[in-house]
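# Coordinates in review
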Amino acid sequence: MHFVRGTGKEHFETVTYGVHDGASMRASNTYITELDGVELPIPLSRHMIVSRHLDAPGVLLILLSALFSKGVNITDLQLAKRGTTGYALLGIDSAPSDLPALLKTLGPTYYEARLLSLAPEVDTE
C-alpha cells in the first residue's frame, strides 16, 4: 500500500502501518504503529506531521505554536522518546501550502519535521 506522498517519505527509515482490532482503537482501524522502530500508534489522517526533535521542555511548544499561527487544527497527537530524542506524530485536518516551508524553520532542536499526505485514493473512513 503506497500511501505516503510528500516531503517526508525519504527522511525516515520506516513507517509501519496496519489494521488493528481492539477496544481502544477507533472505527477506521488503520493506524501508523511505529516510526523508525519507536511505537507511535495513531490513526491515519489525510495530513500528518512527523517530527524527530530534542526531548526537552518547551521544544514541542515550538511546533504547536507554529501550527497555531497557520490555523492548523490538530486532530490526533502521539508522543514517544528514545534517549534524548523525542518523536511526535500529529494528525491534522488541513495542510496549508506553506506548511512544509514553515516546518523547516523550527530551529536546531528539530532534527526532522515533515508533512506526510495520504494519496487521494486512500480513504481513512
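## Focus on helix H1 (residues 59-69)
When H1 is considered as a whole, its buried residues turn out to be Val-59, Leu-60, Leu-63, Ala-66 and Leu-67. Viewed end-on, H1 has its buried residues packed into an arc of 125°, placing them on one side of the element. Those residues of H1 that are exposed and angled more than 90 degrees off the buried face are Leu-61, Phe-68 and Ser-69. Buried positions along H1 lie against strand S5 (47-54), strand S6 (74-82), strand S7 (85-92), helix H2 (99-103) and strand S8 (110-118).

## Re the confidence of the model for the protein chain
In this model, the protein chain carries an average pLDDT of 79, and 71% of its residues clear a pLDDT of 70 or more. Within the model, the stretch residues 1-12 combines pLDDT values under 50 with 35 contacts to residues more than four positions away or in other chains. Low pLDDT (under 50) marks residues 121-125, which in the prediction has nine contacts with non-local residues, meaning those over four places away or in another chain.

## What to know about the environment of Leu-77
Counting through the fold element by element, Leu-77 comes out in strand S6. When the C-alpha positions of Leu-77 and Leu-89 are compared, they lie 5.9 Å apart, and in sequence the two are 12 residues distant. Once you skip the residues sitting within four places of it in the chain, Leu-77 turns out to touch Ile-42, Leu-89 and Leu-90.

## Re the side chain of His-53
Topologically, His-53 is positioned in strand S5. Those residues in contact with His-53 that sit more than four places away from it in its chain are Val-59, Leu-60, Thr-84, Thr-85, Gly-86, Tyr-87, Ala-88, Thr-109, Tyr-110 and Tyr-111.

## Considering the pairing of strand S3 (residues 30-35)
Bridge analysis of S3 against strand S4 (residues 38-43) gives four bridges, and the strand direction is antiparallel. Bridging across to S4, Glu-34 finds its partner in Glu-39. Count of turn residues in the S3/S4 antiparallel hairpin: two residues, of which Asp-36 carries a positive phi of about 50°.

## Some words on the environment of Thr-105
Its location among the elements puts Thr-105 in the loop between H2 and S8. Its relative accessible area of 57% is what places Thr-105 among the exposed residues. Expressed as a C-alpha distance, the spacing of Thr-105 and Ala-66, which sit 39 residues apart in the sequence, is 9.3 Å. Within the structure, Thr-105 has its side chain in polar contact with the backbone oxygen of Leu-102 (distance 2.7 Å).

## A few points about the nonpolar core
Counting residues in each nonpolar core, the largest one holds 17 residues, and the members touching the most others are Ile-49, Leu-63, Leu-99 and Leu-103. Of all the elements in the fold, those that place two or more residues in this core are H1, S7, H2 and S8. At five residues, the largest contribution of residues to this core is made by H1. Other than its neighbours up to four places away in sequence, Ile-49 contacts Leu-67, Ala-88, Leu-89, Leu-90, Ile-92, Leu-99, Leu-103, Arg-114 and Leu-115. Listed in part, the 13 residues of the second largest apolar core include Leu-40, Leu-44, Met-48 and Leu-118.

Calculation rules
- Residues numbered from 1 in each chain as written.
- Predicted model: local features only at pLDDT ≥ 70, side-chain atom pairs only at ≥ 80, totals over all residues.
- Heavy atoms only, no water.
- Buried < 20%, exposed > 50% of the residue type's maximum accessible area, 1.4 Å probe, protein only.
- Helix = DSSP H or I, 4+ residues; strand = E, 2+ residues; numbered from the N terminus.
- Arc of directions from axis to C-beta.
- Contact = heavy atoms within 4.5 Å.
- pLDDT = per-residue confidence, 0-100.
- Pairing = 2+ DSSP bridges.
- Polar contact = N/O pair within 3.5 Å; in protein donor to acceptor, adjacent residues only side chain to side chain.
- Core = buried A, V, L, I, M, F, W, Y, C linked by side-chain atoms within 4.5 Å.

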